[in-house]
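# Per-entry structural report
What follows is the residue order along each chain.
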Amino acid sequence: MKPFTTLTVMVLVLIAALQFVRFFFAWPITIEGTAIPVWASAIAAVVAGVLATMLWKESFGWHVPPVFDRSMRKM
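What counts as what
- Residues numbered from 1 in each chain as written.
- Predicted model: local features only at pLDDT ≥ 70, side-chain atom pairs only at ≥ 80, totals over all residues.
- Heavy atoms only, no water.
- Patch = residues over 30% accessible without salt bridge, like charges linked within 9 Å, V, L, I, M, F, W, Y side chains within 5 Å.
- Areas by Shrake-Rupley, 256 points an atom, 1.4 Å probe, with all protein chains shown as cover.
- Salt bridge = Lys/Arg side-chain N within 4 Å of Asp/Glu carboxyl O.
- Helix = DSSP H or I, 4+ residues; strand = E, 2+ residues; numbered from the N terminus.
- Buried < 20%, exposed > 50% of the residue type's maximum accessible area, 1.4 Å probe, protein only.
- Expected span 1.5 Å × (residues − 1).
- Contact = heavy atoms within 4.5 Å.
- Phe/Tyr/Trp six-rings, centres within 6.5 Å; stacked < 30°, edge-to-face > 60°.
- Arc of directions from axis to C-beta.
- Polar contact = N/O pair within 3.5 Å; in protein donor to acceptor, adjacent residues only side chain to side chain.

## Considering a nonpolar patch on the surface
- Where nonpolar side chains cluster on the molecular surface, the patch consists of Phe20, Phe23, Phe24, Phe25, Trp27, Trp39, Ile43, Val47 and Leu51 and spans about 1000 Å² of accessible area.
- Listed by contribution, the elements that provide at least two residues to the nonpolar patch are helix 1 (3-25) and helix 2 (39-59).
- Inspection of the secondary structure assignment puts Trp27 in the loop between helix 1 and strand 1 (29-31).
- Given a relative accessible area of 45%, Trp27 falls into the partly exposed group.

This is the structure in structure tokens:
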């Protein structure tokens, strides 16, 4: 795995873990007087975790097969 890819995966995993901990312990966050709901951290944790997983798998050559492949079309 390339160094930048490894660093990016580690940062995304850290973000996902911190968002999950915030969701689990229901830590309040207020930005300029606006309270950020706790459920938003659950969504952020899932998104960051999925992105980290996809990037990690892609670095090893895993990919989703294309829906429309030119070789399968009749010309």
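## Structural notes on helix 1
- With 23 residues, helix 1 should reach 33 Å at 1.5 Å per residue; the first-to-last C-alpha distance of 33 Å fits that figure.
- Those residues of helix 1 that fall on the buried side of the exposure criterion are Thr5, Val9, Leu12, Ala16 and Arg22.
- Buried residues along helix 1 sit against strand 1, strand 2 (34-36) and helix 2.
- Backbone geometry just after helix 1 places Ala26 at a positive phi near 55°.

## Some words on the packing of aromatic side chains
- Across all of its chains, the model carries four aromatic pairs by this definition.
- Ring geometry for Phe20 against Phe24: centres 6.2 Å apart, planes inclined by 25°, an arrangement best described as stacked. Residue Phe20 and its partner Phe24 are both found in helix 1; the two are separated by four residues, about one turn of the helix.
- Relative accessible area serves as the criterion here: at 48%, Phe20 is assigned to the partly exposed category.
- On the basis of relative accessibility, which here comes to 59%, the residue Phe24 falls in the exposed class.

## Notes on helix 2
- Here helix 2 spans 31 Å end to end across 21 residues, near enough to the 30 Å set by a 1.5 Å rise per residue.
- Every buried residue belonging to helix 2 is among Ser41, Ala45, Ala48 and Ala52, and all of these are buried. All buried residues of helix 2 fall inside an arc of 75° around its axis, so they share one side. What points out from helix 2, more than 90 degrees from its buried face, is the exposed set Trp39, Val46 and Glu58.
- Contact partners of the buried residues in helix 2: helix 1.
- Taken from the residues just after helix 2, Gly61 is the one with a positive phi, measuring 90°.

## Observations regarding the side chain of Arg22
- Within the secondary structure layout, Arg22 lies in helix 1.
- Within the structure, the side chain of Arg22 is placed 2.8 Å from the backbone oxygen of Ile36, a separation counted as a polar contact.
- What Arg22 contacts, discounting residues up to four positions off in sequence, is Trp27, Pro28, Ile29, Ile36, Pro37, Val38 and Ser41.

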